[in-house]
Amino acid sequence: MKILSLTFYFIVILTSTVLSQDVYLDKGNQFLNSGNLDSAEQIFRKGIISDPQNLIYQNQLALILITQKKFDDAENVLEKVLKTDSLNAAAVWYSGIGNFKSKKYRPAIKRFEKALLLIDKKGGQYYSANWFIGKSYSNLLKTEGLTYSETDRMLECLEAYIRLQPDAEDTPKIKEYVERKKARRPPNNVEIWVDL
């Protein structure tokens, strides 16, 4: 009877632990979806304290920090996740988003290139990753410039987006951009091309 009671006790503890984890995720996501970012951040921080190994809580915290434009804080959280699981698709994706939004285009490109290897080629994130890579390169083209091979990659990603999203609202504008850049592109002996 004592063993049965102890077994029941451990099952109750285990069940309540699992349920409490779901509560953190459910409650935090509810706050996030309703735009209550401060409460969502608090919930996920509590969740991380209760289960420091839970990468979902850490990824969600990073997403909230990105939404709050706390890009460096978010990247610190995501770097920890990626040290634990270098193939964590959510962390790779969120890191790409955070770097893109904070105008750190080269790190954003690196993350989205990795994301392309981790996500479903038929899913919405696949064409979005191509858009982010192409857009990051196009932003760099205006500032620090691109090498010939980087220009190739920019055009390749933008053309992939056009092909995958022919009816998207921005597709005609991107198509025109690609055609204009192809026409203006210097020969491959130009080391760095800067173009507005």
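What counts and what doesn't
Residues numbered from 1 in each chain as written. Predicted model: local features only at pLDDT ≥ 70, side-chain atom pairs only at ≥ 80, totals over all residues. Heavy atoms only, no water. Helix = DSSP H or I, 4+ residues; strand = E, 2+ residues; numbered from the N terminus. Expected span 1.5 Å × (residues − 1). Buried < 20%, exposed > 50% of the residue type's maximum accessible area, 1.4 Å probe, protein only. Contact = heavy atoms within 4.5 Å. Phe/Tyr/Trp six-rings, centres within 6.5 Å; stacked < 30°, edge-to-face > 60°. Lys NZ or Arg CZ within 6 Å of the ring centre and 35° of its normal. Core = buried A, V, L, I, M, F, W, Y, C linked by side-chain atoms within 4.5 Å. Salt bridge = Lys/Arg side-chain N within 4 Å of Asp/Glu carboxyl O. Polar contact = N/O pair within 3.5 Å; in protein donor to acceptor, adjacent residues only side chain to side chain. Axes fitted to C-alpha atoms, helices over the stretch in contact; angles between N-to-C directions. Parallel < 35°, antiparallel > 145°, perpendicular 65-115°, else oblique. Left-handed = near helix turned anticlockwise from the far one by under 90°.

Some thoughts on helix H6 (residues 105–118)
- For H6, with 14 residues, the first-to-last C-alpha span of 20 Å sits near the 20 Å given by 1.5 Å per residue.
- Within H6, burial applies to Tyr105, Ala108, Ile109, Arg111, Phe112, Ala115 and Leu116.
- Looking at the buried side of H6, the elements it contacts are helix H4 (71–84), helix H5 (89–101), helix H7 (124–142) and helix H8 (148–164).

Overview of the packing of aromatic side chains
- Tallying each qualifying case throughout the model produces 10 aromatic pairs.
- Centroid distance Trp93 to Phe132: 6.1 Å. Interplanar angle 85°. Geometry classified as edge-to-face. Taken as a pair, Trp93 in helix H5 and Phe132 in helix H7 lie far apart in primary sequence, 39 residues in all.
- We classify Trp93 as buried; its relative accessible area is 11%.
- Under the relative-accessibility criterion, Phe132 is labelled buried at 14%.
- The side chain of Arg185 reaches across the aromatic face of Tyr148, ending 3.7 Å from its centre.

Describing the environment of Leu196
- Here Leu196 lies in the segment after helix H9 (171–184).
- A relative accessible area of 77% places Leu196 in the exposed class.
- The sequence separation of Leu196 and Thr143 amounts to 53 residues, and the corresponding C-alpha distance is 8.2 Å.

Examining the nonpolar core
- Among the nonpolar cores identified, the biggest contains 52 residues, and Ile66, Trp93, Phe112, Ile133, Tyr137 and Met154 are the most heavily contacted of them.
- Setting aside its immediate chain neighbours within four residues, Trp93 contacts Phe112, Ala115, Ile119, Gln125, Ser128, Ala129 and Phe132.

Describing the pattern of salt bridges
- Under the definition given, this model contains 14 salt bridges.
- As a salt-bridge pair, Asp195 and Arg184 come within 2.4 Å of each other at their nearest N and O atoms. You can see Asp195 sitting in the segment after H9 and its partner Arg184 sitting in helix H9, a full 11 residues away along the chain.
- Asp195 gets classed as buried once you look at its relative accessible area, which sits at 5%.

Some thoughts on the environment of Tyr148
- Note on placement: Tyr148 falls in helix H8.
- For Tyr148, a relative accessible area of 32% gives the class partly exposed.
- With 38 residues separating them along the chain, Tyr148 and Pro186 place their C-alpha atoms 8.6 Å apart.
- For Tyr148, the contacting residues outside a window of four places in its chain are Arg185, Pro186, Pro187, Asn188 and Glu191.

Considerations on the side chain of Arg111
- Tracing the sequence through the fold places Arg111 in helix H6.
- Polar contacts involving the side chain of Arg111 include one to the side chain of Ser95, which spans 2.8 Å.

Structural notes on the packing of H4 against H5
- Running from N to C, H4 and H5 cross one another at 155°; their axes reach a closest spacing of 10 Å. Classed by the angle they form, the pair H4 and H5 counts as roughly antiparallel. For H4 against H5, the interelement crossing comes out left-handed. Judged by residue contacts, Phe71, Glu75, Leu78, Val81 and Leu82 of H4 engage Ala91, Val92, Tyr94, Ser95, Gly98, Asn99 and Lys101 from H5.

Quick notes on the side chain of Asn59
- Considering the arrangement of structural elements, one finds Asn59 in helix H3 (residues 55–67).
- Look past the residues within four positions of Asn59 in its chain and what remains in contact with it is Leu78, Val81, Asn88, Ala90, Ala91 and Tyr94.

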